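Descriptive structure summary
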Amino acid sequence: GQKVVQLETAIGAAISLFEGSCGVNVPRSRFLPVKACSDLMLIQSNLYTMKSGTLQVNPKRMFASVPVVKLGPEFKKVAGYMDRFKSIPDIVELDHLTVSGDVFFGANVVLKGTVIIVANPGSKIMIPDSAVLENKVITGNLHILDH
């Protein structure tokens, strides 16, 4: 195939300076920009499905809008972000997520409604495998271990 370079709007204005170049207008349904790990989480989740090369919102989602996801600085770099999730949570019914501090998610976690998770400085919160959090605020220090 041909080489393709994605350009943001500002640099796209300079396209005339590249001999033989052309622009292609791609509809929003064909891509979603990933500029932060919160965007990456949305794309990796079950919020979207791919059908015939087009991203579609999961038909199980009841809300018209995409959830608001705010991840703290611990999730800023991709490596740190990936280390904090055994698997990306089910967010089809999520409206708003805020995560701050030293927080880790187990596998098969489900987030619904508004979920706020804030680990105190020096503390760690570990959301266990298969947890379902709906309209919850979790703060402080949390470890749930199997025995």
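Residues numbered from 1 in each chain as written. Predicted model: local features only at pLDDT ≥ 70, side-chain atom pairs only at ≥ 80, totals over all residues. Heavy atoms only, no water.

**Side note on the overall build of the protein**
Assigned secondary structure in the protein consists of three helices and eight strands. Along the protein, from the amino end to the carboxyl end, the secondary structure elements read α-α-β-β-β-α-β-β-β-β-β. The long-range fraction of contacts in the protein, counting pairs at least 24 apart against all pairs at least 6 apart in sequence, stands at 33%. Surface exposure of the protein reaches about 9900 Å², of which carbon and sulfur atoms provide 56%. (Helix = DSSP H or I, 4+ residues; strand = E, 2+ residues; numbered from the N terminus. Contact = heavy atoms within 4.5 Å. Areas by Shrake-Rupley, 256 points an atom, 1.4 Å probe, with all protein chains shown as cover.)

**Here we look at the nonpolar core**
In this structure, Met41, Phe105, Leu111, Ile117 and Ile127 are the most contacted members of the largest nonpolar core, which totals 27 residues. Mapped by element, the contributors of at least two residues to this core are α2 (37-44), β3 (68-71), β4 (94-100), β5 (102-105), β6 (110-119), β7 (124-127) and β8 (132-140). Apart from residues lying up to four places away in sequence, Ile117 is in contact with Thr98, Val99, Ser100, Val103, Phe105, Ile125, Ile127, Leu133 and Ile138. (Core = buried A, V, L, I, M, F, W, Y, C linked by side-chain atoms within 4.5 Å. Buried < 20%, exposed > 50% of the residue type's maximum accessible area, 1.4 Å probe, protein only.)

**Focus on the sheet that holds β4**
Pairing within the open sheet is parallel, and its four strands lie in the order β3-β4-β6-β8. Of all strands in the sheet, those bounded by a partner on one side alone are β3 and β8. Recorded for the sheet is a direction-independent mean angle of 10° between the axes of neighbouring strands. Bridge count between β4 and β6: six bridges; the pairing is parallel. Among the inter-strand pairings, Ser100 is bridged to a residue of β6, identified as Val118. The strands touched by α2 within the sheet are β3, β4 and β6, with β3 carrying the most contacts at an inclination of about 130°. (Pairing = 2+ DSSP bridges. Axes fitted to C-alpha atoms, helices over the stretch in contact; angles between N-to-C directions.)

**Quick word on the environment of Gly106**
Structurally, the position occupied by Gly106 is in the loop between β5 and β6. Exposure remark for Gly106: the relative accessible area of 5% places this residue in the buried category. Taking C-alpha positions, Gly106 is 7.3 Å from Met126, a pair spaced 20 residues apart along the chain. Every residue in contact with Gly106, bar those within four places of it in the chain, is listed here: Lys86, Ser87, Ile127, Pro128 and Asp129.

**Observations concerning the packing of aromatic side chains**
This structure, assessed with the given rule, holds three aromatic pairs. Residues Phe85 and Phe105 carry aromatic rings whose centres are separated by 4.8 Å and whose planes lie at 15° to one another, so their mutual orientation is stacked. You can see Phe85 sitting in the loop between α3 (78-83) and β4 and its partner Phe105 sitting in strand β5, a full 20 residues away along the chain. As far as the burial class goes, Phe85 and Phe105 line up, both buried. An aromatic cluster is defined as three or more aromatic residues linked by ring pairs; in this entry it consists of Phe75, Tyr81, Phe85 and Phe105. In this structure, Arg84 packs its charged tip against the face of Phe75, placed 5.4 Å from the ring centre. (Phe/Tyr/Trp six-rings, centres within 6.5 Å; stacked < 30°, edge-to-face > 60°. Lys NZ or Arg CZ within 6 Å of the ring centre and 35° of its normal.)

**Section: the environment of Thr114**
With respect to the element layout, Thr114 can be found in strand β6. Given a relative accessible area of 29%, Thr114 falls into the partly exposed group. Expressed as a C-alpha distance, the spacing of Thr114 and Pro67, which sit 47 residues apart in the sequence, is 9.3 Å. The residues touching Thr114, leaving out its near neighbours within four places in the chain, are Asp95, His96, Asn135 and Lys136.

Shape descriptors only; they carry no functional weight alone.
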